[in-house]
Amino acid sequence: MEKKLFTISVFTENQVGLLSRISIIFTRHGLNLESVSSSASSMHEIHKMNFTCTSDRVTMDKVIKQIERCIDVLRAFLYTDDEIIYQEVALYKVPTPKLLDEKDFERIIRVHNARILELTREYTILEKTGHESETQALYELLKKYDILQFIRSGRICVTKSPTEHFTRYLEEQNARRQTIEKV
């Protein structure tokens, strides 16, 4: 079976220990998480976790079903890269003296659409938003300046669909509830 990178979006109540319970599901299937991110969603008191994982479709469908069995999980969705818009943020801390000695420093920042977040005599912190390949390309370029620190966030994403799939799910659940109440 063909393996590819999948993004899993999980809508949850914000409960202690849920991330651990979900990560165990991936472990049981022998899957490595490539990235993890979690934050509040556009809906009040609903959080969205995003996971990326390389696997085949059949295995990922099983993982989604198991995730949805967790008590605090409201709904989980599986996406391929062509179904979502996604980004990551990377921060790079490099020695300022080495950057200032580089005559192409300004061009590097412009070409990579990076931002200077902080500039001190000792270090400069750069920020780059983009896909992993883009943040990694800047990392490779900055290695020659002795990167002091580097971190890249997990993937954040929204669907290309005109409406959030979770919103549609909630509307369907509400319609079912109203039908049952009428009976």
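Numbers given for residues are sequential positions, taken from 1 along each chain in its written order. Where local features are concerned, this predicted model is filtered to residues with pLDDT of at least 70; where side-chain atom pairs are given and counted, the filter is 80 or more; whole-chain, interface and lining totals use all residues. With hydrogens and water set aside, each side-chain value is computed from the structure's full complement of heavy atoms.

## Describing the packing of helix H1 (residues 18-28) against helix H2 (residues 57-68)
Point 1. Note on geometry: axes are C-alpha line fits, over the in-contact stretch for helices, and angles between N-to-C directions span 0 to 180 degrees. Going along the chain from the N terminus, every DSSP run of H or I of four or more residues is numbered as a helix, and every run of E of two or more is numbered as a strand. The contact between H1 and H2 brings their axes to 10 Å, and the two run at 150°. Taken together, the axes of H1 and H2 are roughly antiparallel relative to one another. Like other packed secondary-structure pairs, H1 and H2 cross with a definite hand, here right-handed. For the pair formed by H1 and H2, the contact residues are Ile22, Ile25 and Phe26 on the first element and Met60, Val63, Gln66 and Ile67 on the second.
Point 2. We call Asp, Glu, Lys and Arg charged. Ala, Val, Leu, Ile, Met, Phe, Trp, Tyr, Cys and Pro are nonpolar, and the rest, Gly among them, are polar. Tallied by class, the residues present in the contact of H1 with H2 amount to 6 nonpolar, 1 polar and no charged. Throughout this description, any angle smaller than 35 degrees is read as roughly parallel, any larger than 145 degrees as roughly antiparallel, any in the 65 to 115 degree range as roughly perpendicular, and the remainder as oblique. Two helices cross in a left-handed way if the nearer one is turned anticlockwise from the farther one by less than a right angle. They cross in a right-handed way if the turn is clockwise. Residue contacts follow a heavy-atom distance rule, with two residues in contact if any of their heavy atoms lie within 4.5 Å.

## Details of the pattern of salt bridges
Point 1. Definition used for salt bridges: Asp or Glu carboxyl oxygen within 4 Å of a side-chain nitrogen of Lys or Arg. Summed over all chains, the structure comprises 11 salt bridges.
Point 2. Across the pair Arg57 and Asp61 runs a salt bridge whose closest N-O atoms are separated by 3.9 Å. Highlighted residues: Arg57 and Asp61, both in helix H2, separated by 4 residues, approximately one helical turn.
Point 3. Three labels apply to residues, based on accessible area from a 1.4 Å probe with only protein chains included: buried if under 20% of the type maximum, exposed if over 50%, partly exposed otherwise in between. Its relative accessible area of 39% is what places Arg57 among the partly exposed residues.
Point 4. Here the salt bridges do not stand alone but share partners, grouping Glu88, Glu132 and Arg152 into one network.

## Focus: H1
Point 1. Every buried residue of H1 is listed here: Leu18, Ile22, Ile25 and Phe26. With its buried residues spanning 95° around the axis, H1 presents them on a single face. Residues of H1 that are exposed and point over 90 degrees away from its buried face: Thr27 and Arg28.
Point 2. Just downstream of H1 lies Gly30, where phi reads positive at about 70°. Here the arc refers to the set of directions running from the helix axis out to each C-beta atom.

## Topic: the environment of Phe105
Point 1. With respect to the helices and strands, Phe105 occurs in helix H4 (residues 105-111).
Point 2. Taking the C-alpha atoms as reference, Phe105 lies 12 Å from Thr124; in sequence the two are 19 residues apart.
Point 3. In this view, Phe105 contacts Leu99 and Ile116; residues no more than four positions away in its chain are not counted.

## Some words on helix H5 (residues 132-142)
Helical periodicity: at 3.6 residues per turn, an α-helix aligns residues three or four positions apart in one direction.
Point 1. Listed in full, the buried residues belonging to H5 are Thr135, Leu138 and Leu142. Considered in projection along H5, the buried side chains sweep an arc of 60° and stay on one side of the axis.
Point 2. Of the surrounding elements, those touching the buried residues of H5 are strand E5 (84-95), helix H3 (96-101), H4, strand E7 (123-130) and strand E8 (149-152).

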